[in-house]
Amino acid sequence: MNMTERRDKGLAYISDEEVFAEQAVCRRILQKLNFMDRSDFKGIAKVVKELLGKSENAMINPPFYCDYGKHIEVGKNFFANYNCTILDVAKVKIGDNCQMAPNAAIYTAGHPIHPDTRNTLYEYGREVTIGDNVWIGGNSVICPGVHVGSNVVIGAGSVVTKDIPDWSVAAGNPCRVIRRITEADRRRLFRDEEIDDEAWEDIKNRERRSNYA
């Protein structure tokens, strides 16, 4: 097998000329994205579509960094804020309505523990999956091989080394589940504050229209 085949099978591989050629394609797109007029929202959305391929209403606030782009699969309404990094050596699958705050990162790339082995330049990738309706807080890191369930909030500054179940608020280093998300959270805004009456009525109207659509 060549090195790209080894990489895509999750085997140890070395970044050779063929691997770098694939990364170069991505970097040319990132060069466009990261130096665009930040007020050109339509133009940015077009380049994001070029980078990620199949996506619906995906938006990224530049700068954004990844290795390939083509290994990232996002659902509807994906949003990544400034300085997001996704090292997509292996597949990254992200569901619908997911948001990544500034400086959030997803890493699929890894290296051998022993320095002699690591210095041979062999590395590996492990897939990361994220469910629907997930909010990843600023400066958080999702590590290789992690699965984050649906309807999850990852608190700012977290380092996620293990799977996180559905309907959880999780935070910390290492990240751990703090509590479940329940109906009591539906109107919650910030800490113990509730969404004001005007906005809450608008939210309920939007839900009604969505249910009838």
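Located above this text is the structure these notes cover.
Residue numbers run consecutively from 1 along every chain, following the written order of its sequence. In view of the model being predicted, local features appear only for residues whose pLDDT reaches at least 70, and side-chain atom pairs are presented and counted only at 80 or more, with totals across whole chains, interfaces and linings using the full set of residues. Water and hydrogen atoms play no part in the side-chain values, which are based on all heavy atoms of the structure.

Peer 1: Would you mind going over the overall build of the protein with me for this structure?
Peer 2: Under the DSSP-based scheme used, a helix requires at least four consecutive residues in state H or I and a strand at least two consecutive residues in state E, with every element numbered from the N terminus. Scanning the protein from terminus to terminus reveals five helices and 18 strands. Type-normalised accessible area, obtained with a 1.4 Å probe on protein chains alone, sets the label of each residue: buried when under 20%, exposed when over 50%, and partly exposed for intermediate values. Counting only residues that meet the buried cut, the protein has 42% of its 213 residues in that class. Only heavy atoms enter the contact rule, under which two residues are in contact if any of them lie within 4.5 Å. Sequence separation of at least 24 residues holds for 25% of the intrachain contacts in the protein that already meet a minimum separation of 6. Just so you have it, the protein exposes about 12,400 Å², and 52% of that area is on carbon and sulfur atoms. Counted as positive: Lys and Arg. Counted as negative: Asp and Glu. His and the chain ends are not counted at all. One atom stands in for each charge, and that atom is NZ of Lys, CZ of Arg, CG of Asp or CD of Glu. Each charge class in the protein can be summarised by its mean position, and for the 29 positive and 31 negative side chains these summaries are 1 Å apart. With residues, only the protein chains shown are counted as cover, and all accessible areas are computed by Shrake-Rupley using a 1.4 Å probe.

Peer 1: Sorry if this is basic, but what is going on with the sheet that holds strand E6 (residues 92–94) here?
Peer 2: In a beta sheet, neighbouring strands are held together by backbone hydrogen bonds and run either parallel or antiparallel to one another. A pair of strands is treated as paired once DSSP finds two or more bridges between them. Strand order in the open sheet made by the four strands is E3-E6-E11-E14, with parallel pairing throughout. This sheet does not close on itself; its edge strands, each paired only once, are strand E3 (72–74) and strand E14 (147–148). For E6 and strand E11 (residues 128–130), the ladder comprises three bridges, and the chain directions are parallel. Counterpart to Ile-94 in the pairing with E11 is Ile-130.

Peer 1: When you look at the nonpolar core in this model, what are you seeing that I'm missing?
Peer 2: Soluble globular proteins: nonpolar side chains tend toward being buried together. Of all hydrophobic cores here, the largest spans 43 residues; its most connected members are Phe-64, Phe-78, Ile-86, Met-100, Ile-106 and Ile-130. Sort the elements by how many residues they give to this core and helix H3 (residues 41–52) lands first, with five residues. Those residues in contact with Phe-64 that lie beyond four places of it in its chain are Leu-30, Leu-33, Asn-34, Leu-51, Ile-72, Cys-84 and Ile-86. As used in this record, nonpolar core signifies buried Ala, Val, Leu, Ile, Met, Phe, Trp, Tyr and Cys residues forming a set joined through side-chain atoms within 4.5 Å. The next biggest cluster of nonpolar side chains, apart from the first, holds five residues, and it includes Met-3, Tyr-13, Val-19 and Val-89.

Peer 1: When you look at the pattern of salt bridges in this model, what are you seeing that I'm missing?
Peer 2: Side chains that differ in charge, positive against negative, can pair when their charged atoms come close. In what follows, salt bridge is the name for a side-chain nitrogen of Lys or Arg lying within 4 Å of a carboxyl oxygen of Asp or Glu. A complete count under the given rule lists 15 salt bridges for this structure. One salt bridge in this structure joins Arg-7 and Asp-8, with 2.8 Å as the shortest N-O distance. Close ionic contact of Glu-73 with Lys-91 constitutes a salt bridge, the shortest N to O distance being 3.6 Å. One end of the pair, Glu-73, is in strand E3; the other, Lys-91, is in the loop between strand E5 (84–87) and E6, with 18 residues separating them in the sequence. Looking at Glu-73, the relative accessible area reads 40%, which means it is partly exposed. Lys-91 gets classed as partly exposed once you look at its relative accessible area, which sits at 29%. Residues joined by salt bridges that share partners form a network here, namely Arg-7, Asp-8, Glu-22 and Lys-70.

Peer 1: Would you take a moment to explain unusual backbone geometry for this structure?
Peer 2: Leaving glycine out, the prevailing phi sign among residues is negative, and the prevailing peptide bond configuration is trans. For the bond from Pro-62 to Pro-63, the omega torsion is 5°, close enough to zero to count as cis. Residue position: Pro-63 is located in the loop between strand E1 (59–60) and strand E2 (64–66). With an omega of 0°, the peptide bond running from Asn-173 to Pro-174 counts as cis. Among the structural elements, Pro-174 can be located in the loop between strand E17 (168–171) and strand E18 (176–180). Even without being a glycine, Asn-151 presents a positive backbone phi close to 60°. Residue placement: Asn-151 occurs in the loop between E14 and strand E15 (153–154). Of note, the phi angle at Arg-191 is positive, near 55°, even though the residue is not glycine. Following the sequence through the fold, Arg-191 ends up in the loop between E18 and helix H5 (197–212). Of the residues examined, Arg-191 reaches a relative accessible area of 66% and is grouped as exposed.

Peer 1: Mind showing me how you'd approach H5 here?
Peer 2: Helical geometry: 3.6 residues make up each α-helical turn, so side chains three or four residues apart lie on a common side. Expected span, for any helix, means 1.5 Å times one less than how many residues it has. Helix length check: H5 (16 residues) gives 23 Å between terminal C-alpha atoms against 22 Å at 1.5 Å per residue, within 8%. Two or three places before Glu-198, at the start of H5, stands the capping residue Asp-196, its side-chain oxygen 3.2 Å from that residue's backbone nitrogen. Counting of polar contacts relies on pairs of N or O atoms within 3.5 Å, with two restrictions inside protein: one atom must be capable of donating a hydrogen and the other of accepting it, and residues adjacent in sequence are counted only when both atoms are side-chain atoms.

Peer 1: I would appreciate a short explanation of the packing of aromatic side chains in the present structure.
Peer 2: Think of a pair of aromatic rings as described by two things: how far the centres are apart, and how the planes are tilted against each other in angle. Geometry of aromatic contacts follows a simple scheme: Phe, Tyr and Trp rings, the Trp one being its six-membered ring, pair when their centres are within 6.5 Å, and the pair is stacked under 30 degrees between planes, edge-to-face over 60, tilted otherwise. Per the stated rule, a full pass over the model turns up zero aromatic pairs. Criterion for a charge above a ring: Lys NZ or Arg CZ within 6 Å of the ring centre, and within 35 degrees of the ring normal. In this structure, Arg-7 packs its charged tip against the face of Tyr-68, placed 4.6 Å from the ring centre.

Peer 1: How do you make sense of the sheet that holds E18 when you look at a structure like this?
Peer 2: Taken together, the seven strands give an open sheet; going across it, the order is E1-E4-E7-E12-E15-E17-E18, and neighbouring strands pair in mixed fashion. At either margin of the open sheet sits one strand with a lone partner, and together these are E1 and E18. Bridge analysis of strand E12 (residues 135–136) against E15 gives two bridges, and the strand direction is parallel. Residue pairing in the sheet places Ile-136 in a bridge with Ile-154 of E15.

It is worth stressing that arrangement in space is one thing and function is another; only the former is reported here.
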